[in-house]
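# Structure at a glance
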Amino acid sequence: MVQEPTILGIETSCDDTAAALVRGRAILSDVVLRQDDLHAAFGGVVPEIAARAHAEKIDLAVLRALSDADLTLDAVDAVAVTAGPGLIGGVLSGVMCAKGIAAARGLPLVGVNHLAGHALTPRLTDAVAFPYLLLLVSGGHCQFLRVDGPTAFVRLGGTIDDAPGEAFDKVARLLGLPQPGGPAVEACARNGAPGIPLPRPLLDRPGCDMSFSGLKTAVLRARDAASARDGGLRMSVRADLCSSFQAAVADILAAKTRAALHAAPGVGAICVAGGVAANGAVRDALRGATALPLIAPPLALCTDNAAMIAYAGGVRLALGLRDGMDLAARPRWPLDGDAAPMLGSGKRGAKA
Ligand code: KG4
Ligand code: ZN
């Protein structure tokens, strides 16, 4: 039997410097060097700091991916790299590194859309059949995609302002909880109840666009009102605010998932990706929204990683798609070129 090609994947579009080796659906190694400490003092990702850290660490990540897989570059058949969308300095670091390796070794170069990496992950982890619905919910992205084939994506809707992870992070900051805010808010919510009324923006409108920035402002107002009433923010109120906010996000995502499924008849599964997919209340709400199977890849493959880029690159290579040395790094790169452009630009990079 002919062995599937071994693909080196490189991902540097936000704040994770990542390299991985993938052969078919087998992940041989998966290295992610996080930058949280570098950005912690700034309350968000600083693009210049991220770009410099990627440039310093990407070769290290590649070397570690090779040694973790017990391979050398001799065993690599192609180089796949995130060519966008994302913070341009970071994307450039990855693209330059990939071009260098491809040119030096005479290997095919494959540019991959970061969102296609997320969108095809359910095929890598669970061999989910096309078409399926993907909900991508992270700190920088929030959109529904109907995935019809390896290069066929239809964007059904998305956030018109903040991404949900961004809202979790801001709410954590408002309530004096640590970053990243999602896990901190989820932990705090366990001690509270979702009794504080908060809005569910856009639920009265058809379609599956979403909005989260008003929700965050409503948490701020509720916090200030409770603090004025009680002479400070009581721990029990903080827990109730976390629980109420989380319930509102889960409700919005569940309701809009139903709307997205309505717009995508025939899909066989709903898949989630992105850091917010780790949230238990969100997962429960999505499970309750549909009788279809909910596929949630392991968290390390839900969040940014290079295995998904290597896999998506391998899929493109198998279709005969590859790029030349003129491969460009793109800050914006909508997966679905026919969809209306999205509004806003999150702290973790341009939304596509
Ligand atoms: O996908 P990801 O690791 O990075 C990008 O945004 O690219 O997502 C990170 C986001 C952060 O905003 C974080 O607060 C959120 O995912 N997050 C969560 C949870 N774990 C991470 N949000 C809600 N509940 C969680 N358990
Ligand atoms: Zn991502």
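Structure: see above.
As the structure is a computational prediction, the values presented were derived from the model and not from experiment.

### A look at the site of ligand 1
Surrounding ligand 1, one finds 18 residues, the nearest of these being Gly139, Asp169, Gly182, Glu186 and Gly275. In this structure, Glu186 approaches ligand 1 through a side-chain N or O atom, which is 2.8 Å from a nitrogen atom. Isolated, ligand 1 exposes 550 Å² of accessible area, and the fraction of that covered by the protein chains is 92%. Secondary-structure elements contributing two or more residues to the shell around ligand 1 are α5 (164-174) and α6 (181-189). With four residues, α6 is the largest single contributor of residues to the shell around ligand 1. Within the shell around ligand 1, the residues separate by chemical class into four nonpolar, ten polar and four charged.

### Considerations on the coordination of the zinc ion (ligand 2)
Coordination angles at a metal have ideal targets, namely 109.5 degrees for four tetrahedral donors and 90 or 180 degrees for six octahedral donors. Those donors, His114 (NE2), His118 (NE2) and Asp304 (OD), are the protein atoms that reach the zinc ion (ligand 2), and they lie 2.1 Å from it. Binding-site remark: the zinc ion (ligand 2) is held by donors from one chain whose sequence spacing is H-x3-H-x185-D. Note that His114 and His118 are positioned in helix α4 (residues 114-126) at a spacing of four residues, about one turn of the helix. The exposure classification of His114 matches that of His118, with both residues buried.

### Quick word on the sheet that holds strand β3 (residues 26-34)
One open sheet accounts for five strands, arranged β3-β2-β1-β4-β5; its pairing is mixed. The open sheet has two edge strands with one neighbour each: β3 and β5 (109-113). Ignoring which end each strand starts from, the neighbouring axes of this sheet average 20 degrees apart. The pairing of strand β1 (residues 6-11) with strand β2 (residues 16-23) spans six bridges and is classified as antiparallel. From the neighbouring strand, Leu8 faces β2, where its bridge partner is Leu21. Contacts from helix α3 (residues 88-105) reach β1, β4 (78-84) and β5 within the one sheet, and its direction differs from that of β4 by about 160 degrees.

### Focus: a nonpolar patch on the surface
On the surface, Ile88, Leu92 and Met96 cluster together to form a nonpolar patch covering roughly 270 Å² of accessible area. Tracing the backbone through its elements, the reader meets Leu92 in helix α3. For Leu92, a relative accessible area of 40% translates into the label partly exposed.

Criteria and thresholds
- Here the residue index of a chain counts from 1 through its sequence in written order.
- Here chains are named by letter from A upward and ligands by number from 1 upward, in the order in which they appear as written.
- Only residues with pLDDT of at least 70 get local features here, since the model is predicted, and only at 80 or more are side-chain atom pairs given and counted; chain-wide, interface and lining totals rely on the full set of residues.
- Processing note: side-chain calculations cover all non-hydrogen atoms of the structure and skip hydrogens and water entirely.
- Whether a residue is near a molecule or strand depends on its heavy atoms: if one lies within 4 Å, it is near.
- Identification of polar contacts relies on pairs of N or O atoms within 3.5 Å, with a donor-acceptor requirement for protein atoms, meaning one able to donate a hydrogen and the other able to accept it, and with residues adjacent in sequence counted only if both atoms are side-chain atoms.
- Accessible surface is estimated by sampling points in the Shrake-Rupley manner with a 1.4 Å probe; for residues, cover comes only from the protein chains shown.
- Strands here mean DSSP runs of E at least two residues long; helices mean DSSP runs of H or I at least four residues long; both are numbered from the N terminus.
- Side-chain classes follow a simple rule in which Ala, Val, Leu, Ile, Met, Phe, Trp, Tyr, Cys and Pro form the nonpolar group, Asp, Glu, Lys and Arg form the charged group, and the remainder, Gly included, forms the polar group.
- Donors, by definition, are the N, O and S atoms found within 2.8 Å of a metal, the threshold being 3.2 Å for Na, K and Ca, and water is not counted, so a site can look incomplete.
- Any residue under 20% of the maximum accessible area for its type is buried, any over 50% is exposed, and the rest in between are partly exposed; the area is computed with a 1.4 Å probe on protein chains only.
- Strand pairing is assigned whenever DSSP detects at least two bridges linking the two strands.
- Working convention: axes come from line fits to C-alpha atoms, limited for helices to the stretch in contact. Angles between N-to-C directions cover 0 to 180 degrees.
- Throughout, a contact is declared for two residues whenever any of their heavy atoms are within 4.5 Å.
- Any residue with relative accessible area above 30% and no salt bridge may belong to a patch, with like charges joined within 9 Å and the nonpolar Val, Leu, Ile, Met, Phe, Trp and Tyr side chains within 5 Å.
- The term salt bridge refers to a side-chain nitrogen of Lys or Arg lying within 4 Å of a carboxyl oxygen of Asp or Glu.

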